[in-house]
Every structure is written in structure tokens, then in C-alpha cells.
Amino acid sequence: MNQSVEQWFGPISDALDFSERFAKGVEQMGQINISDVEVGTTEKELIAQFDKVKLYRYKPLKKGKPKTEPVLIVYGLIGRYTMIDLQEDRSLVRNLLMRGVDVYVVDWGYPSRADQFLSFDDYVAYYLDECVSRICDKHSLTCINLFGVCEGGVFTTLYAAKNPSRVSNLIVSITPIDFAADQEDDDPSHGFINLWTRNLADDDIESMIDAYGNLPGEVMGSVFQAITPIRSMTKYNLDLLDIAADDKKLLNFLRMEKWLADRPHHPGTAAKQWLIDLYKENQLIKGEFVLAGEKVDLKNITMPVLNVYAERDHIIPPPCSKALKNHIGSKDYTELELPSGHVGIYVSSKLQDVVGDNIFDWLSTR
């Protein structure tokens, strides 16, 4: 008899608990305004604009003279730079500002079909060079610190190799350098994009991009979702139910989803270089990648280098990032491995001080 009662009342109790959590979640969701889900809110001023590309300088959060030379953060074309400033308590930008670092950022904007012929030459040899020049002129300097994230790390690596005298220190983070090194990773969940790209015919890549003019942001969004299919399916029901009743957790979730959905189109010519020249042909490591009419020699990177990567990165496998060490000319090379996934380095609450402290300490000693 007691066993029968437990069999009945156990599921009933679970159902009541589910209903209560669901009701609280619905109530909480109904109280959220779109203004509550803003990202990239740290105050900044526009310094210069080149076509759709904008250079911003963040306003200091700490009084006194900056403790380092200016740092220019360069994000990639796949995604938005707001990931480094997701919210007040999860912001690399704020962490650096609070430590007295003078921080700039490049905003590549939202490329349209009119931008389909923009290449790495345009983004690195022109736009990025113009940003560096403006900062140098503003501070009466000949060189500054560059900080590249993901594809932006490839941009800064290329720039540093072509213009070593303009870069005092180079920081790259979750950046692919050897696009074939994923095959050295023992974790089968890593390197999906590498594998996916290698199995695409060049003609298929070119036909898809030519049809749209650009590589649509929606395409790359679907590729990233396919990497973690179960997670992608459950986060809007089971996971959301668990956090919906908690105001702080819900806003954290919604800000992250807003950033994930904000995926610009990737200019067509640069996208072909990204997928074919780099991912498929691995030209950077082979010394065959051409920028502004000349092959890029990574041995020209002689300034101090800090390479930050995530040990559980399934998008950019660690071996793809760590390969940088073996191909540059710098004698001052440091690696910082973090217990995180691809974007967790910047959005994890547990790593905020770890990342900020390590980057600041490294810059301060140089």
C-alpha cells in the first residue's frame, strides 16, 4: 500500500514542481523589457570611421595616467565584438579599464552585398592599419599593443608580420594559426568546423558565396548550432525552464542569446580566403598566404607574444592555436591556457579576474 502511494504521489509532486517553476518562469519573462537585455554598454567614444568600420576608445574607469600603452582589440568578421563586453560583470573591456589600461576596439559594422569584394587586404592592410595610425598619432607613438580575438587574431597576426615596427606587444586569443592541427587533438568533439570545411569542394564554397555575394551570417550560425545539436535543442526548453525564475540568470542567458543572434554577413572575397586559403589550404603555416601582394612570413613577428587559448575549445582546437609558437621569430612567447570553452574565456563569471589579471600583468612587465 505504501509503495503504491509513493508511486502515485512521486510523479504528482514532480508535476506540481514543474508547474510552479513554469509559472514563475512565465511571470519573470513577462517582466523583461528589451532595454534590460543590452550588450556592449561600456561607455566609449567614436575616434574615426572608414566606410562602415568604426574605431572606438573606451572611456577610462580608473583615474590617473594609463598604466600601459594603448591596446587595440580586434574581433573577427564572424560575430560581433560585443562578446568582450557582454555585461557589466562579464566584460574583458571593463576588467582592463579597471586595471588602468587604455582600450580601443574596432567595430567592423554590418557588411552588405555592396561589400562583397572586400578582402583581407582591405581589412588588414587598410582598415586595421588606419586604426593603428590614428591611435599612434593621438598618443604620439610609433607602435601600440594589438589584441586579436578569433578571426581577429588572424588579422592582428598578419598585421604584426607585415608591420612588426608598429606593434609593441601582440596578444592573440582563441585564434587559429595552423588550420590542420585539429587532427592532433585527441578530443573527437573538437575541430568540427575544420572537418566540415575540408569536406567542402572549393566550387561549392565559391558558388554559395557568389549566390549571396557574402557568406551569410545565418549559415555560420547554423554551423555553430550543428556542433552541439543536443545543447541547441534543449537550451530553449529544459535549460530555459531552470533559469527563467531567476532574474539574474535569465538576463545572463538572454544577453548571450542576443549576441549569438547578432551575426553579420562575412564579405564574400574575405570569406573565400578564410574558408579556402586558410581552412582548406592552410596557407598561413605554409608561408603561402598573400597580403597586399606579398607572402606573409610569420618569422617577422619578433615582438613579445601572449597566446591565450581554451583547453575545451571545440571551435578552435588548442593545437590550432598553440602552433603559433613554432612559426614566429619572437623570443618572448607566453601561453595562457584556460579551463574553458571557446567564448567561456570572456563570458564565464569564474574567469573574469583570471583573464584580466593575467593580461594586465603580462602587459605591465613589457
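Located above this text is the structure these notes cover.
Residues numbered from 1 in each chain as written. Predicted model: local features only at pLDDT ≥ 70, side-chain atom pairs only at ≥ 80, totals over all residues. Heavy atoms only, no water.

J.: What should I look at first to understand the overall build of the protein in this one?
T.: Summing up its helical and strand segments, the protein has 15 helices and 14 strands in all. Out of the 366 residues in the protein, the part that is buried amounts to 53%. A separation threshold of at least 6 residues defines the contact pool for the protein, and within that pool the share at least 24 residues apart is 79%. Carbon and sulfur atoms make up 51% of the accessible area of the protein, which amounts to about 17,000 Å² in all. (Helix = DSSP H or I, 4+ residues; strand = E, 2+ residues; numbered from the N terminus. Buried < 20%, exposed > 50% of the residue type's maximum accessible area, 1.4 Å probe, protein only. Contact = heavy atoms within 4.5 Å. Areas by Shrake-Rupley, 256 points an atom, 1.4 Å probe, with all protein chains shown as cover.)

J.: Quick question: what am I supposed to make of the pattern of salt bridges here?
T.: Here the idea is simple: oppositely charged side chains can pair when their charged atoms come close. Counting across every chain of the model gives 15 salt bridges. R80 is the salt-bridge partner of D107, the closest N and O atoms lying 2.5 Å from each other. On the criterion of sequence distance, the pair formed by D107 in strand β6 (residues 103-107) and R80 in the loop between β3 (71-74) and β4 (85-87) is long-range, its members being 27 residues apart. E311 serves as the salt-bridge partner of R312, at 3.8 Å between the closest nitrogen and oxygen. Relative accessible area serves as the criterion here: at 47%, R312 is assigned to the partly exposed category. Here the salt bridges share partners, and the residues they tie into one network are R80, D107 and D262. (Salt bridge = Lys/Arg side-chain N within 4 Å of Asp/Glu carboxyl O.)

J.: Please explain the sheet that holds strand β13 (residues 305-310) as it appears in this structure.
T.: In a beta sheet, neighbouring strands are held together by backbone hydrogen bonds and run either parallel or antiparallel to one another. Within the open sheet, the eight strands sit side by side as β1-β2-β6-β3-β7-β8-β13-β14. Their pairing is mixed. Bordering the open sheet on either side are β1 (44-50) and β14 (333-338), each of which pairs with just one other strand. Across the sheet, the mean angle separating the axes of adjacent strands is 20° when strand polarity is ignored. Pairing geometry for strand β2 (residues 53-58) and β6, over four bridges, is antiparallel. Directly across from L55, in β6, lies its bridge partner V106. Sheet strands in contact with helix α3 (residues 120-139) are β1, β2, β3, β6 and β7 (144-149), and its direction is about 130° off that of β1. (Pairing = 2+ DSSP bridges. Axes fitted to C-alpha atoms, helices over the stretch in contact; angles between N-to-C directions.)

J.: Any chance you could explain the environment of K286 here in plain terms?
T.: Tracing the sequence through the fold places K286 in helix α12 (residues 283-286). Distance from K286 to D178, taken between C-alpha atoms, is 9.0 Å for residues 108 residues apart in sequence. Among the polar contacts listed, one links the side chain of K286 to the backbone oxygen of E281, at a separation of 3.1 Å. (Polar contact = N/O pair within 3.5 Å; in protein donor to acceptor, adjacent residues only side chain to side chain.)

J.: I keep staring at the pairing of β1 and nothing clicks. Help me out?
T.: Regular strands show a simple pattern: their side chains alternate between the two faces of the sheet. Bridge count for β1 against β2 is six bridges, and the pairing is antiparallel. Following the sheet pairing, F50 is matched in β2 by V53.

J.: Would you take a moment to explain the packing of helix α6 (residues 202-212) against helix α11 (residues 268-280) for this structure?
T.: In a packed pair of helices, the relevant descriptors are the angle between the two axes and the axis-to-axis distance. Interaxial distance between α6 and α11 falls to 10 Å at its minimum, and their mutual angle equals 165°. Relative to α11, α6 is oriented roughly antiparallel. The two elements α6 and α11 meet at a crossing, and its hand is right-handed. Counted together, D202, I205, E206, I209 and D210 of α6 and G268, A271, K272, L275, I276 and K280 of α11 form the full contact between these two elements. Considered class by class, the residues forming the contact of α6 with α11 number five nonpolar, one polar and five charged. (Parallel < 35°, antiparallel > 145°, perpendicular 65-115°, else oblique. Left-handed = near helix turned anticlockwise from the far one by under 90°. Nonpolar A, V, L, I, M, F, W, Y, C, P; charged D, E, K, R; others polar.)

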